[in-house]
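One letter stands for each residue in the lines below.
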Amino acid sequence: MKKGLMLFLAIFMVLSMAACSGSSTTSEEESDSKNSKDEEITLRMAWWGSEPRHDYTLKMIELYEEQNPNVKIQPEYASWDDYWKKLAPQASANQLPDIIQMDLSYITQYSNNNQLADLKPFFGKEIDTIDLSQDFLDGGKIGENYYGLNGGVNALAFQYDPELLKKIGVDKISEDWTWEDYQDMAQKAADAGLFFENGPGTAPDVSFNYYLRTNGKRLYSEDGTTLGYEDDKLFVDFFSMYADLVKEKAIQSPDASAQVKGLEDDPVVKQQSIGLIQWSNQFIGIQEAANRPLEMVGLPGPNADQGLFLKPGLFWSVANSSKNKEEAAKFINFLTNDIEANN
């Protein structure tokens, strides 16, 4: 009887201790979870753009901070040229911002240097991908990893002031216009004391790549190790056209274009140039800066349908050096999926 009683008491004490231990662990986990949610987290976020983009992004940050009082986001923004000049030394010092606005022309370089985090582990968790197509996701895919989440898709366009166009005797630019039409209108603009375009559109390699595609070629080979064309005449024809128009003062010179640091100084905004070639997602920014109606048309042909291509407008990336990758991924999810933020 005594042995049975002792055994019962021993079992009872073991179970009681286990229960107490379990209760304590659960309590500690709940406490840790609460502390995690209350923990102050600071994220640095960098992007490029014009004043309207800065204003919109700051409003989105403010909205996120209201919803997440423990998170503070330090903004770091600049114009396109200054942005990359700032980012390069930060990358060298392994001090990149937690959240980085990344571009198609730089994402391979930064990912190959192990400076960007793979976002795939966050897909379906911190980043809700249920409404994102695979094509959308694959925009930021390099090899088997995802180094950026697509911020939108855009295409090249000629964006212009219809009232200035009428001053050179042209009512509207046709959807099927050609490079011959382009040169003819550019000469008329020069005769009227205007630029037709702000220099070799957006970047010479971008507009030239479009031109090559209209001729069945491409700027680089698929593996990116060689040029994608062999006939130098294509290069000579395209840049000779631009050089001649610069001499005629029909389009702005590259040197003058390089001095334009923001939309407020853009010749289209100042009504010194009829139009410019840039990406479709930049249309709203320049129209707001100009504060008057602008219009948009595809680039000149022939074979414009072959030259057209869709490009990720930008990426949101996370620095590999970030100590708060999950929190950075949550903010990227907010930028992508939150309806109010997108509005």
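These figures come from a predicted structure and were not determined experimentally. (Residues numbered from 1 in each chain as written. Predicted model: local features only at pLDDT ≥ 70, side-chain atom pairs only at ≥ 80, totals over all residues. Heavy atoms only, no water.)

Draft legend 1. Seen up close, the side chain of K311. As for its position among the elements, K311 is in strand β12 (residues 311–312). At 3.5 Å, the side chain of K311 forms a polar contact with the side chain of D103. Apart from residues no more than four positions distant in its own chain, K311 is found in contact with D103, L104, G152, V153, N154 and W279. (Helix = DSSP H or I, 4+ residues; strand = E, 2+ residues; numbered from the N terminus. Polar contact = N/O pair within 3.5 Å; in protein donor to acceptor, adjacent residues only side chain to side chain. Contact = heavy atoms within 4.5 Å.)

Draft legend 2. Expanded view of the sheet that holds strand β9 (residues 195–197). The mixed open sheet is built from four strands, whose spatial order is β9-β10-β8-β11. Edge strands, defined here as strands with exactly one partner in the open sheet, are β9 and β11 (295–297). Direction aside, neighbouring strands of the sheet carry axes that sit 25° apart on average. Pairing of strand β8 (residues 156–160) with β11, which is carried by three bridges, proceeds in the antiparallel orientation. What sits directly across from Y160, in β11, is E295. The strands touched by helix α11 (residues 283–290) are β8, β10 (273–279) and β11; relative to β10, the strand with the most contacts, the crossing angle is about 150°. (Pairing = 2+ DSSP bridges. Axes fitted to C-alpha atoms, helices over the stretch in contact; angles between N-to-C directions.)

Draft legend 3. Representation of the nonpolar core in the model. Ranked by internal contacts, the top residues of the largest apolar core, which has 46 residues, are M45, M102 and F331. Only β1 (41–48), α2 (51–67), β2 (71–78), α3 (80–92), β3 (99–102), α4 (104–112), β13 (315–318) and α13 (325–337) provide two or more residues apiece to this core. When residues no more than four places from it in sequence are discounted, the contact partners of M102 are W48, W84, L87, I107, Y110, L116, L314, F315 and S317. L164, A190, L219 and L234 belong to the second largest nonpolar core, which has 37 residues in total. (Core = buried A, V, L, I, M, F, W, Y, C linked by side-chain atoms within 4.5 Å. Buried < 20%, exposed > 50% of the residue type's maximum accessible area, 1.4 Å probe, protein only.)

Draft legend 4. Expanded view of the packing of aromatic side chains. Within the structure shown, the criterion is met by 33 aromatic pairs. Taking 5.2 Å as the distance between ring centres and 65° as the angle between the ring planes, the aromatic pair formed by W179 and Y182 counts as edge-to-face. Of the two residues, W179 and Y182 both sit in helix α7 (residues 179–191), three residues apart, roughly one turn of that helix. Residue W179 is classed as buried on the basis of its relative accessible area, which comes to 7%. Seen from the ring of W279, K311 lies directly overhead, with NZ or CZ sitting 4.9 Å from the centre. (Phe/Tyr/Trp six-rings, centres within 6.5 Å; stacked < 30°, edge-to-face > 60°. Lys NZ or Arg CZ within 6 Å of the ring centre and 35° of its normal.)

Draft legend 5. Expanded view of unusual backbone geometry. Following G301, the chain continues into P302 via a peptide bond in cis, with omega recorded as 10°. Examined against the element boundaries, P302 turns out to sit in the loop between β11 and α12 (304–307). Non-glycine residue K249 carries a positive phi angle of around 60°. One can find K249 in the loop between α9 (232–247) and α10 (254–258). With relative accessibility at 60%, the residue K249 sits in the exposed group. Even without glycine at this site, Q271 takes up a positive phi of about 60°.

Draft legend 6. Structural context of the packing of α7 against α9. Where α7 contacts α9, the axes come no closer than 11 Å and their chain directions differ by 10°. The angle between the axes of α7 and α9 places the two elements in the roughly parallel class. Contact residues: α7 offers W179, Y182, Q183 and A186, while α9 offers F238, M241, Y242 and L245. Classifying every residue of the contact of α7 with α9 gives seven nonpolar, one polar and no charged. (Parallel < 35°, antiparallel > 145°, perpendicular 65-115°, else oblique. Nonpolar A, V, L, I, M, F, W, Y, C, P; charged D, E, K, R; others polar.)

Draft legend 7. Main features of empty space enclosed by the protein. Here the structure, examined in full by the defined rule, presents one cavity of 30 Å³ or more. A46, E76, Y83, K86, L87 and Q90 together form the lining of the largest cavity. Among the elements that take part in the lining of the largest cavity, α3 stands out by supplying four residues, more than any other. Taken together, the residues of the lining of the largest cavity break down into three nonpolar, one polar and two charged. (1 Å grid on protein atoms, 1.4 Å probe; cavity = no way out; pocket = protein on both sides within 12 Å on 5 of 7 lines; lining within 4 Å. Points joined across faces, edges and corners; volume = space filled by probe spheres on them.)

Draft legend 8. Region of the structure containing α7. Taking 1.5 Å per residue as the helical rise, α7 with its 13 residues ought to reach 18 Å, and the 18 Å between its terminal C-alpha atoms agrees with that figure. Those residues of α7 not exposed but buried are W179, Y182, M185, A186, A189 and A190. Buried residues of α7, viewed axially, fall in a sector of 145°; they line one side. Turned more than 90 degrees away from the buried face of α7, the exposed residues are E180 and D191. Taken together, the buried residues of α7 touch α6 (162–166), β9, α8 (204–214), α9 and β10. (Expected span 1.5 Å × (residues − 1). Arc of directions from axis to C-beta.)

Draft legend 9. View of the pairing of β2. Note that β1 and β2 share eight bridges and pair parallel. Bridge assignment links L43 to a residue of β2, and that residue is I73.

Draft legend 10. Structural detail: the environment of L87. Within the secondary structure, L87 is located in helix α3. We classify L87 as buried; its relative accessible area is 1%.

Draft legend 11. Here's a closer look at α11. Inspection of α11 places F283, G285, I286 and A290 among the buried residues, and these make up the whole buried set. What you see down the axis of α11 is that its buried residues fit within an arc of 165°, all on one side. Those residues of α11 that are buried are in contact with α2, β8, β10 and β11. Count one or two residues on from α11 and you reach N291, which has phi positive near 60°.

Purely spatial values, then, with no claim about function.
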